[in-house]
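Spelled out, the chains give:
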There are 4 protein chains.
Amino acid sequence: MGEIIGPMDGTIEAMPILKLSCPDRPGIVAEVARAIFDGGGNILDADQHTDRVHQRFLQRIEFDLPDGGSLDSFRDDFGDLAAHLDLDWTLRRGDERVRLAILVSKQGHCLYDLLGRVAMGELAADVAVVVSNHTDQGVAAERFGVPFEHISSEADVGEALDRAEVDLVVLARYMRILAPDVIDRYRNRVINIHHSFLPAFAGARPYHQAHARGVKVIGATAHYATEQLDEGPIICQDVVSVSHRDDVASFVRRGRDLEMVVLARAVQLHLDHRVLAYENRTVVFD
Amino acid sequence: MGEIIGPMDGTIEAMPILKLSCPDRPGIVAEVARAIFDGGGNILDADQHTDRVHQRFLQRIEFDLPDGGSLDSFRDDFGDLAAHLDLDWTLRRGDERVRLAILVSKQGHCLYDLLGRVAMGELAADVAVVVSNHTDQGVAAERFGVPFEHISSEADVGEALDRAEVDLVVLARYMRILAPDVIDRYRNRVINIHHSFLPAFAGARPYHQAHARGVKVIGATAHYATEQLDEGPIICQDVVSVSHRDDVASFVRRGRDLEMVVLARAVQLHLDHRVLAYENRTVVFD
Amino acid sequence: MGEIIGPMDGTIEAMPILKLSCPDRPGIVAEVARAIFDGGGNILDADQHTDRVHQRFLQRIEFDLPDGGSLDSFRDDFGDLAAHLDLDWTLRRGDERVRLAILVSKQGHCLYDLLGRVAMGELAADVAVVVSNHTDQGVAAERFGVPFEHISSEADVGEALDRAEVDLVVLARYMRILAPDVIDRYRNRVINIHHSFLPAFAGARPYHQAHARGVKVIGATAHYATEQLDEGPIICQDVVSVSHRDDVASFVRRGRDLEMVVLARAVQLHLDHRVLAYENRTVVFD
Amino acid sequence: MGEIIGPMDGTIEAMPILKLSCPDRPGIVAEVARAIFDGGGNILDADQHTDRVHQRFLQRIEFDLPDGGSLDSFRDDFGDLAAHLDLDWTLRRGDERVRLAILVSKQGHCLYDLLGRVAMGELAADVAVVVSNHTDQGVAAERFGVPFEHISSEADVGEALDRAEVDLVVLARYMRILAPDVIDRYRNRVINIHHSFLPAFAGARPYHQAHARGVKVIGATAHYATEQLDEGPIICQDVVSVSHRDDVASFVRRGRDLEMVVLARAVQLHLDHRVLAYENRTVVFD
């Protein structure tokens, strides 16, 4: 019936990844390609996009250093060229492991899903801490041997994240609002799942709103959290058809599957350095 | 490669169809089934729904009169029982042909699609008139030999509809608002296509709004028009995925295919008497 | 951001459910409705279907016994009527809990997903045993406190299932074939997930087959297992779009999310008594 | 309610488009970018893909010649470099108009759809001829003022295509098989729509096959025709959910909408030079 795939099956990229953006101008593709080539890099996969409205060029490049070149010295060499080309850029080792915080309230479906994926090696990440304003999901964290912190005062959340030295914060159906300074400190590193196809049904109880409106599709949206609730740059969205036979409880039930898949996909894309956020929108090189 | 299907392949239902609704109460399914049986009818297909929030029972029944019974006498007999059961009901001959008005502005994709479907016999309807506030699509109507009326004053539209003796009004990307008295006269008989997944991006230029928000899905919504713009009961919705590679023109282009399919599906469902509207929502027995 | 829903939110139906089928004939809807009514039952939700090709009538009815009637005496009364009407029927208490066996090979994603859902109370079931031809997933079972049996000889599986007194067997990416006598003993109670949109790519390594063919969609299929591999009655299918950017590893990764959602949905539908299998096909009253 | 978009809204690309492929090797991206830059071109949009299985690099580049350079002299200059780089390449003016042949049997939905799109200016093409082995759809061609040829002998089709000097042949539910020499002469320029998600249900009567198998999704596949029936490189596929409520006639009806949208999308992608076929598969730069 099927292939046996180990935990390392392509999920975890071992190659260095360069993400860059700059004001668009003629010749930029050639210049960047040349700069990488001159730095000893061999482009394995390049994806670029020009946003003509905002006149911005964005690119993601996977490359290797075939002659045993060091990434550090590539970084130095490329840095000089990048300065010359006025690039906004980041260079990530492909094999880094990211430290995750998962924040959750009472519902555990996204939490269980993420814990399972990490346990199976699907995500190149470790769960540094699970934080909740409730105690219900302590058992889930315990099952997977992950630290759990019950924090009732919102003001203490930022400190817990810093203490756990996390790289990425996942709001896995977390029903509280993060403090603006936390949002700011983890800019484009806080992923929230909202249980509607935003911008429809922002705010509280979206499935109730959706049912009251009589919609025939419901959705879920993963986005980077910003100071404006439910208004941050969208990473992924997906929907599922519903009918008059679905009541609110059924919306909730069907929505759960969407939420966990859409959130996990957004986390995966982020971990693969496939998401570039700018101007409250994203380029997703999938 | 495939079957040959004539124009009559199941699209056009030849059987009488009963639609009914009433306050929900115990025993109603049995009572209605008995009433049809007593009236000489044989239920071929029945679909019912109980809206527990609004405490309403709704049902669609296709039946035949196997012993050569007349539909008129069935109507009389059933009427007595229905009064006794306090039903809100309609009985339609299955083989009626509906007279359509198609209202359109400059864009012709939904118009061409509907004209083609009628020409091929996919829809059990005739196009009585195409009405437009522009002259661009006159040629489309002419190609299909259908009357075209260019009406620049909104006040004259209702009269044109009445004059053409239409049963159903289809707003096929009609960029004007119907007068409230027309909406009222054709209550639940005006189908509009809105080019977003409502309630997101109601109002003007939804693709521009959607692109500005950076969404990853776009949609289309067919609904019965009411006095409140873009707020009537939803019949069908569908969406398609988009990415950063799609600009507004690409949203428009992809959206067109959605719009024409979603609108045609809503019209088809209406013509098959599969839609029951109540409380600003619909039950769609598909 | 959203509603708080406890584990019991509508997932677990507390109402008795009657499933029945019989050769189609006039008056059957009325007769069944009358039989339930006479037995003291009040129909809350009824869904029926007539398969005109196979001339079969199938129905699912949720009802309650409002005057404190007993289900056992209802069963007796209804049984007499059912015999008279020549019905093939089953009556289930709504609040029963089903005992599950989950069979798995090396990959754990469907297993983790099901264990999480049971732990959260999403599924009205208990996992009686996890059976595997490998030891890899023992840790998953252990995390959720569920018995794990490593069985290397296929001949011993049936005995393990019987010993655990299971009602439903879920093949959650189980790469072996069940013995015919097991299939027969658990007829329509073994749900398999196949990682393609059957009948395309039956058999081994479907993602490799799909990639070799250059398809633009991949899928997953949940079906009741029969003696013919990958040919049993289909319960659910879903697909996701892929592109040239997806290699086999990416097919596998995207496919995993499909597999777990489609399998969980099939299990849920089965547990809600929404699936009626006949003639190697299903009616799914969702 | 919405934007007014003229017929030229981005559908018709005015820019030159270069498609190329070559055996993959280090530095190729930089070399091609440099070659275009040296030829006086400014890259507006570039999309590339490396097929690691077949070790092939493929790229599509939209560019302009900002200093009023001539495309002919660019072609000459680039040709020298391309020879040096061992590229397999084509260069198309963006504003060319393609001559289409549409082949059809009895069913007209794809034909009407394509005729409407051409009439509205959605497709940068003209319909040079409609060819059919039946006379039914002559009226459709006539409505749009397009030549219609009824050809009963398959042997005469190739000659009719040549006589009409067509660039692209669209099999819009054409139930005959083209002669191998025609396939060969129009290699990767014959687009067929098959009414299933291939490779499931190849051959005759796919909806009947699908219904007999009891599937829960049906699909449509647009592909370049090859000598092997239904086995050519796939351009687009899409599916729609079905249920037990859908009989074969309903499969046909729902399938029609899929077929016309999927076929039109494939034609659009081909006309935009977004499809590169190789090794019986396609790269689609959408």
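Everything below is about the structure shown above.
This write-up is about the structure you can find in this document. Everything numeric here is computed off the predicted structure, so don't read it as measured data.

Concerning the relation of the copies chain B and chain C
No. 1: Superposing chain B onto chain C takes a rotation of 180° combined with a translation of 0.0 Å along the rotation axis, leaving an RMSD of 0.0 Å. Taken together, the rotation angle and the small translation identify this as a two-fold axis. When C-alpha positions in chain B are compared against the rotation axis, the closest is assigned to Ala30 of chain B, at 2.8 Å.
No. 2: Both copies present the same face, since 100% of the interface residues in chain B are matched by interface residues at the equivalent positions in chain C.

Notes on the interface of chain C and chain A
No. 1: Contacts between the two partners involve 48 residues from chain C, matched on the other side by 48 residues from chain A.
No. 2: Of the roughly 4,200 Å² buried between chain C and chain A, counting both surfaces, carbon and sulfur atoms make up 57%.
No. 3: For the interface between chain C and chain A, the tally reads six salt bridges.
No. 4: The salt bridge involving Arg254 of chain C is made with Asp286 of chain A; its shortest N-O contact spans 4.0 Å.
No. 5: Run the count over chain C and chain A and you get five residue pairs in polar contact (both at pLDDT 80 or more).
No. 6: Breaking the side of chain C that touches chain A down by element, the ones donating at least two residues are α3 (109-120), β9 (190-194), α7 (206-213) and α8 (248-271) of chain C.
No. 7: With ten residues, α8 of chain C is the largest single contributor of residues to the side of chain C that touches chain A.
No. 8: For the side of chain C that touches chain A, the per-class residue count stands at 17 nonpolar, 13 polar and 18 charged.

Observations regarding the sheet that holds strand β1 (residues 17-23) of chain A
Residue and element names in this part refer to chain A.
No. 1: Spatially, four strands are ordered β2-β3-β1-β4 in an open sheet, and the strand pairing comes out antiparallel. Strands at the two margins of the open sheet, each flanked by one partner only, are β2 (42-51) and β4 (88-92). On average, each strand axis in the sheet is tilted by 10° relative to the strand beside it, whichever way the strands run.
No. 2: Two strands pair when backbone bridges link them, and β2 and strand β3 (residues 56-64) are joined in this way by nine bridges, in the antiparallel orientation.

Side note on α8 of chain C
All names here are of chain C.
No. 1: Helix length check: α8 (24 residues) gives 34 Å between terminal C-alpha atoms against 34 Å at 1.5 Å per residue, within 8%.
No. 2: Buried residues dominate α8, accounting for 22 of its 24 residues.
No. 3: His273 sits one or two residues past α8 and shows a positive phi near 55°.

Quick notes on the sheet that holds strand β1 (residues 17-23) of chain C
Residues and elements named next belong to chain C.
No. 1: Spatial ordering of the open sheet is given by β2-β3-β1-β4, a layout of four strands whose pairing is antiparallel. The two strands at the open ends of the sheet, each matched to only one other strand, are β2 (42-51) and β4 (88-92). Geometrically, the sheet is characterised by an average inter-axis angle of 10° between neighbouring strands, direction not taken into account.
No. 2: Helix-sheet contacts for helix α1 (residues 28-38) involve β1, β2 and β3 (56-64), and the interaxial angle to β3 is about 25°.
No. 3: Those strands touched by helix α2 (residues 71-85) are β1, β3 and β4, and its axis lies near 175° from that of β4.

Comments concerning the packing of helix α3 (residues 109-120) of chain B against helix α3 (residues 109-120) of chain D
No. 1: Contact geometry for α3 of chain B and α3 of chain D: axes closest at 10 Å, N-to-C directions at 150°. Our classification of the angle between α3 of chain B and α3 of chain D gives roughly antiparallel. The handedness of the crossing between α3 of chain B and α3 of chain D comes out as right-handed. Residues His109, Tyr112, Gly116, Ala119 and Met120 of chain B of α3 of chain B pack against His109, Tyr112, Gly116, Ala119 and Met120 of chain D of α3 of chain D.

Brief notes about the pattern of salt bridges
No. 1: One pass over the structure, following the stated rule, counts 84 salt bridges over all chains.
No. 2: For Glu122 of chain A, the salt bridge is made with Arg256 of chain C, and the minimal N-O distance between the two is 3.6 Å. Here the residue Glu122 of chain A occupies a position in the loop between α3 (109-119) and β6 (125-132), and Arg256 of chain C occupies one in helix α8, the pair thus bridging two chains.

Side note on helix α7 (residues 206-213) of chain D
No. 1: For α7 of chain D, the set of buried residues is Pro206, Tyr207, Ala210, His211 and Arg213 of chain D. Along α7 of chain D, the residues classed as buried sweep out an arc of 165° about the axis, all on the same side.
No. 2: Those residues of α7 of chain D that are buried lie in contact with β11 (234-241) and β13 (281-284) of chain C together with β9 (190-194), β10 (217-224) and α8 (248-271) of chain D.
No. 3: Among the residues trailing α7 of chain D, Gly214 of chain D stands out with phi positive, at a value near 75°.

Reading the values: the criteria
Residues numbered from 1 in each chain as written. Chains lettered and ligands numbered in written order. Predicted model: local features only at pLDDT ≥ 70, side-chain atom pairs only at ≥ 80, totals over all residues. Heavy atoms only, no water. Least-squares fit on C-alpha atoms with pLDDT ≥ 70 in both. Contact = heavy atoms within 4.5 Å. Buried area = accessible area lost by both parts, 1.4 Å probe. Salt bridge = Lys/Arg side-chain N within 4 Å of Asp/Glu carboxyl O. Polar contact = N/O pair within 3.5 Å; in protein donor to acceptor, adjacent residues only side chain to side chain. Helix = DSSP H or I, 4+ residues; strand = E, 2+ residues; numbered from the N terminus. Nonpolar A, V, L, I, M, F, W, Y, C, P; charged D, E, K, R; others polar. Pairing = 2+ DSSP bridges. Axes fitted to C-alpha atoms, helices over the stretch in contact; angles between N-to-C directions. Expected span 1.5 Å × (residues − 1). Buried < 20%, exposed > 50% of the residue type's maximum accessible area, 1.4 Å probe, protein only. Parallel < 35°, antiparallel > 145°, perpendicular 65-115°, else oblique. Left-handed = near helix turned anticlockwise from the far one by under 90°. Arc of directions from axis to C-beta.

Coordinates in, geometry out; function isn't part of it.
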